[in-house]
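Inside the fold
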Amino acid sequence: MAEAHITPPRLTLRRITKIYPGCVANDSIDLNIEPAEIHALLGENGAGKSTLMKVIYGLVKPDQGEVLWDGMPVEIKDPAQARKLGIGMVFQHFSLFETLTVTENIALALGDDAGDLPSLAKRIREVSEKYGMALNPDREIHTLSVGERQRVEIVRCLVQPIKLLILDEPTSVLTPQEVETLFVTLRKLAEEGCSILFISHKLDEVRALCHNATILRAGKVSGECKPADESSQSIARMMVGDDTPISTDYPKVLREEPFLQVSGLNRVSDDPFGTDLHNISFSVNAGEILGIAGVAGNGQEELLGALSGEDQVENHDAIHFPHGAVGHLSPRERRAAGMAFVPEERLGRGAVPDMSLKDNALLTGFLTGLVNRGMIAHGKTRDFAKQIIERYKVKTSGTEAHAESLSGGNLQKFIIGREIMQNPKLLIAAHPTWGVDIGAATAIHKALIELRDKGAAILVVSEDIDELFQISDRIGAICHGRISPIKPTPDTTINEVGRWMAGDFAEVEIKA
Amino acid sequence: MIKLEPRGQHSKLMAWLSPVFAGVLTLISGAILFALLGQDPLEALHTLLIMPVSDIYGLAELCVKAAPILLCAIGLSVVFKAKVWNIGAEGQLLMGGLIGSACALALIDAEGFWVLPAVLLAGMVGGALWAGLAAWLKTSFNANEILTTIMLNYIALNLLIWAVHGPLKDPDGFNFPESAMFSDSALIPTLIDGTRIHFGMLFALLAVVVVWVLLSRSFLGFQIKVLGLDASAARLAGFREKRLVWIALLISGALAGLAGVGEVAGPLGQLVPSISPGYGYAAIIVAFLGRLHPVGILLATLLMALIYMGGEMAQINLGLPVALTGLFQGMLLFYLLACDVLINFRIRIPALSTPATDKLAANQEAAN
């Protein structure tokens, strides 16, 4: 590939169109990726990134358009054929077997090409060392951190000859430091001639890493640019269009009157692959937002379960509201005491998919006078749902629409609105803007700030460190079920919180 | 080749059309079956479905058969909404009959307006207790209610047979396995003279209304529905799962028990070994055929009662075995389950492909 002047592009997509019933996922999309190029594919949720990716990887057959590989037209029928061409893909959600070793997992993914296990293990070790991704082939997956699991997925692609590596939102599960390490690996790969398609919505990262970017909006290419020459704002504009507010800075506040106090909370996880909580202590003050950062699977679920009341804790005093201990109270009793809760799963916990928005308003709003002597006040409930929809600009056909018919962002606005309209004194929100488009995320942030300014205590647990820095007044991190120091946001840096997310804080001192 | 394609959103229209399709397919299969047996299909279907209800007596008898099925099915709609699979309506019905009979026989010399309510209440308690056993096993030991309720059906049947051969046997009954006839004050009065239709049908209709209100208007019913649709949402909202399981099972058990005591204190007037020809099982089919909706269940009950009567009629007029009833019930359930696929999937015949894909295919061929 030395005579670069006549080398055709590694991959060319021409007028790719994919129509699903009721939606055009990809509308005549063109894309060019050169050898050794790191190309970003940007766009909001639902812009068509995933579909396009699946077309390239042979998971989805386009209705129209053609795919050229090294200048030759090809039809990629399935992932096996894609791999044969030299296309590797790292999905956002890993598909690894917890109880098998790294080598065994990779052997399973490769199928017949795996060869015998000892020599595969040797190749894994070579590849991981070459690209600066330390990985022990003999370890079982459940002992690995999320970052290490991602390495397994990447190494799986690299043990075979690779010409194009596709990464879907790879940094969403990493600490800022891990992101840097990943970028070193990717740059090295690109120098060797491998093309990389990097899918993300984190604009700073794209600007730092990628040579070129293609931006999708509503299934169409809305722009192409060299990210290094653009500002994050200008790229965001191409993603969302002109009429959506992008983001704002919110003034930080410091308060002193605690509402929720957690002290010495210990809990053994119900899940054999879960994370136990160790001596968790923090407090959330009325009128402030406390942000807790952390990579998924570090005890967030267990902490949130204990706080919501779904799992009651043995030491009742470990969770404390101003009027007393609540560790033994049910979710309903905690709600009666002023708590509201926005869970991570919108469909299936936050809302019942198969029920109308009206019924979903009743789901947690039943304590606010919607039930009269055991009977549902249908009129009031409908009004309540209507108010949520109007006030939080939920796009829907009305109060009778089923929760499952709403987009993720709209449903999240509904759920957050439902909780906020009950005037809680404490709001606990898990990953409030996960998978939500920029417009909805901004609306959600505004609603949270408004509630804060009305004097409510707010706890936000999120994997998105940028979001936490934007809205939190104080910030900390959780790692291996332990909580880091908590500092006022202006007094810390993304780097420091990143180190906390990796477990680098004093509390972890040898506790045998 | 025919392909099933997910609809993305489930079809409400199909949810109500599916029972209709199932009914039509059952009729067609039934007709084929009759033809194979050497009967004239139309005449046989006439005997099965029209003849039983062509006079007042027949209509009254239809109500007699419908009452216990309706009571069981409407109760089952409550538990099934909570996704608690009570297969034990039959056993709960038998226990209702057994305990109700024991009460009626204990009060055989008593007179007064309170005797019948006491007997009915005893029957409801009997059914509720039997369902309560399953609730206890489920909430305390996480025992699967499908298995426990089925097994409890057999225990209830054997208890009843033991009682009717032993402690409850009529001392003056020449050793027949039957109880003494209940006293008049323990019998449910008939509605129309000269027929067997009794107040039990009114209880059943009342139960339909109460369950309708429970499920559509009350917060308790709302919680039961949420539990069934999405248990983790119910937990997060703070609904008490175990309590809801208990309540739903007790309601369904009590209604099945009422159906049982309605049989012994109604058309039978005494305890006999066979008080139910599988009403409790038929009610499961009825509940699903009626889409767990009160009106749907009412219609499905009438159909099921008709099949029971038609089976008897076919036995008398056409000399066909009474197994015909079970056969038609089975076909109905089978076709319903098959048609329910259409709620979430549509049928596609891909032979009619779009020009776009054809063009793509042509391009690829040219490239190769």
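Residues numbered from 1 in each chain as written. Chains lettered and ligands numbered in written order. Predicted model: local features only at pLDDT ≥ 70, side-chain atom pairs only at ≥ 80, totals over all residues. Heavy atoms only, no water.

All right, on to the overall build of chain A then. A tally of regular secondary structure across chain A gives 16 helices and 23 strands. In terms of overall dimensions, chain A has C-alpha extents of about 75 × 55 × 40 Å along its principal axes. In chain A, which comprises 512 residues, the share counted as buried stands at 57%. When the accessible surface of chain A is totalled, it reaches about 21600 Å², and 50% of it is carbon and sulfur. With 54 positive and 71 negative side-chain charges, chain A shows a separation of 4 Å between the mean positions of the two kinds. (Helix = DSSP H or I, 4+ residues; strand = E, 2+ residues; numbered from the N terminus. Buried < 20%, exposed > 50% of the residue type's maximum accessible area, 1.4 Å probe, protein only. Areas by Shrake-Rupley, 256 points an atom, 1.4 Å probe, with all protein chains shown as cover. Lys, Arg positive; Asp, Glu negative; His and termini not counted. Charge placed at Lys NZ, Arg CZ, Asp CG, Glu CD.)

Quick look at helix H13 (residues 323-344) of chain B now. All names here are of chain B. Helix length check: H13, at 22 residues, gives a terminal C-alpha distance of 33 Å against a target of 32 Å (1.5 Å per residue), a fit within 8%. Turning to H13, its buried residues are Leu324, Thr325, Phe328, Gln329, Met331, Leu332, Tyr335, Leu336, Cys339, Leu342 and Ile343. Against helix H1 (12-36), helix H2 (41-49), helix H11 (279-289), helix H12 (294-317) and strand S2 (345-348) lie the buried residues of H13. (Expected span 1.5 Å × (residues − 1). Contact = heavy atoms within 4.5 Å.)

Describing an aromatic ring pair means giving the distance of the ring centres and the angle of the ring planes. For the structure on display, the rule yields 15 aromatic pairs over all chains. With centroids separated by 4.9 Å and ring planes inclined at 35 degrees, the aromatic side chains of Phe366(A) and Phe219(B) adopt a geometry described as tilted. Pair noted here: Phe366(A) is in the loop between helix H11 (357-365) and strand S17 (371-372) and Phe219(B) is in helix H8 (residues 219-229), and the two residues belong to different chains. Note on accessibility: Phe366(A) and Phe219(B) belong to one class, buried. With 5.0 Å between their ring centres and 15 degrees between their planes, Phe80(B) and Phe288(B) make a pair best called stacked. Of the two residues, Phe80(B) sits in helix H3 (residues 56-81) while Phe288(B) sits in helix H11, which places them 208 residues apart along the sequence. Classification of Phe288(B) as partly exposed rests on a relative accessible area of 28%. (Phe/Tyr/Trp six-rings, centres within 6.5 Å; stacked < 30°, edge-to-face > 60°.)

Attention shifts here to the side chain of Thr175(A). Residue and element names in this part refer to chain A. One can find Thr175 in the loop between strand S7 (164-168) and helix H6 (176-191). Judged by relative accessible area, which is 3%, Thr175 ranks as buried. Setting aside residues no more than four positions away along its own chain, Thr175 makes contact with Val295, Gly498, Met501 and Ala502.

Residues and elements named next belong to chain A. Every second residue of strand S6 (residues 87-90) is oriented toward a common face, with Ile87 and Met89 on one face and Gly88 and Val90 on the other, all of them buried. Here S6 runs beside S7; their pairing, made up of 4 bridges, is parallel. Following the sheet pairing, Gly88 is matched in S7 by Leu165. (Pairing = 2+ DSSP bridges.)

Moving on to the nonpolar core. Ile106(A), Leu165(A), Leu186(A), Ile196(A), Phe198(A), Val497(A) and Phe239(B) are the most contacted members of the largest nonpolar core, which totals 215 residues. Residues from two domains meet in this core; each of domain 1 (11-240) and domain 2 (258-501) of chain A gives at least three. Beyond its immediate sequence surroundings of up to four residues, Leu186(A) is in contact with Ile38(A), Leu165(A), Leu167(A), Ile196(A), Phe198(A) and Leu209(A). Core analysis: the next-biggest nonpolar cluster, separate from the first, contains 32 residues, Phe259(A), Leu265(A), Ala457(A) and Val461(A) among them. (Core = buried A, V, L, I, M, F, W, Y, C linked by side-chain atoms within 4.5 Å. Domains from an automatic or database assignment.)

Across chain A, the average pLDDT comes to 89, with 96% of residues at 70 or higher. Note that pLDDT drops below 50 for residues 508-512 of chain A; the model gives that stretch 4 contacts with residues more than four away or on any other chain. (pLDDT = per-residue confidence, 0-100.)

Right, let's talk about the UniProt feature "domain: ABC transporter" (unreviewed entry) in chain A for a bit. As recorded in UniProt, the sites labelled "domain: ABC transporter" (unreviewed entry) are residues 11-243 and 260-505 of chain A. The span residues 260-505 of chain A carries 33% helix and 22% strand; its end-to-end C-alpha distance comes to 23 Å. (UniProt positions renumbered as here; feature names shortened; annotations may be inferred.)

Residues and elements named next belong to chain A. Following the criterion strictly, the structure yields 29 salt bridges over all chains and no others. As a salt-bridge pair, Glu496 and Lys487 come within 2.8 Å of each other at their nearest N and O atoms. A residue is classified by how much of its surface remains accessible, and Glu496, at 16% relative accessible area, is buried. Residue classification places Lys487 among the partly exposed residues on the basis of a relative accessible area of 27%. (Salt bridge = Lys/Arg side-chain N within 4 Å of Asp/Glu carboxyl O.)

Before going further, it helps to spend a moment on the domain arrangement of chain A. All names here are of chain A. Each assigned domain of chain A is listed with its residue range as follows: domain 1 (11-240) and domain 2 (258-501). The straight-line distance from the C-alpha centre of domain 1 to that of domain 2 is 32 Å. Of the residues lining the interface, 15 residues belong to domain 1; the matching set on domain 2 comes to 16 residues. Of the roughly 1200 Å² buried where domain 1 meets domain 2, counting both sides, 62% is carbon and sulfur surface. (Buried area = accessible area lost by both parts, 1.4 Å probe.)

Attention now goes to the interface of chain A and chain B. The partner chain B presents 26 residues to the 33 residues of chain A that form the contact. Buried surface at the junction of chain A and chain B, summed over both partners, amounts to about 2600 Å²; 65% is from carbon and sulfur atoms. Of all residues in chain A, the largest losses of buried area upon contact with chain B belong to Arg332(A), Met355(A) and Leu363(A), amounting jointly to 17% of the total for that side. Counting every contact that joins chain A to chain B gives 0 salt bridges.

Positioned with a positive phi, His431(A) is a non-glycine residue whose angle comes to about 45 degrees. Summarising the element assignment, His431(A) is placed in the loop between strand S19 (426-430) and helix H14 (438-453). Assessed through its relative accessible area of 5%, His431(A) is described here as buried. Unusually for a residue other than glycine, Phe174(B) sits at a positive phi of about 55 degrees. Positionally, Phe174(B) belongs in the loop between helix H6 (145-165) and helix H7 (200-217). Residue Phe174(B) is classed as exposed on the basis of its relative accessible area, which comes to 75%.

We now examine the state of the cysteines. In the structure shown here, the tally under the stated rule is 0 disulfides over all chains. No disulfide involves Cys157(A); its sulfur sits 9.3 Å from that of Cys194(A), the nearest cysteine. By relative accessible area, Cys157(A) is classed as buried at 6%. You can see Cys103(B) has no disulfide; the closest cysteine sulfur is in Cys72(B), sitting 20 Å from it. (Disulfide = S-S within 2.5 Å.)

A few words on the confidence of the model for chain B. Summing up the model confidence of chain B, the mean pLDDT is 90 and the portion of residues at 70 or higher is 94%. Here residues 355-368 of chain B is modelled with pLDDT under 50, and outside its nearest four sequence neighbours on either side it reaches 11 contacts, counting other chains as well.

We now examine the packing of H11(A) against H8(B). It is the contact of H11(A) with H8(B), at a shortest axis distance of 11 Å, that shows an interaxial angle of 100 degrees. By the angle between their directions, the pair H11(A) and H8(B) is classed as roughly perpendicular. Between H11(A) and H8(B), the contacting residues are Asp359(A), Leu362(A) and Leu363(A) on the first element and Phe219(B), Phe222(B) and Val226(B) on the second. Residue composition of the contact of H11(A) with H8(B), grouped by class: 5 nonpolar, no polar and 1 charged. (Axes fitted to C-alpha atoms, helices over the stretch in contact; angles between N-to-C directions. Parallel < 35°, antiparallel > 145°, perpendicular 65-115°, else oblique. Nonpolar A, V, L, I, M, F, W, Y, C, P; charged D, E, K, R; others polar.)

Residue and element names in this part refer to chain A. Within the open sheet, the 6 strands sit side by side as S6-S7-S8-S3-S9-S10. Their pairing is mixed. A single partner strand is all that each edge strand has here, and the edge strands are S6 and strand S10 (220-225). The average undirected angle you get between the axes of adjacent strands in this sheet is 20 degrees. Inspection of the sheet shows strand S9 (residues 212-217) paired to S10 by 5 bridges, in the antiparallel sense. The residue bridging Thr214 from the neighbouring strand is Glu224, located in S10. Most of the contacts of helix H8 (residues 232-240) go to S9, to which it runs at about 35 degrees, and overall it touches strand S3 (38-42), S9 and S10.

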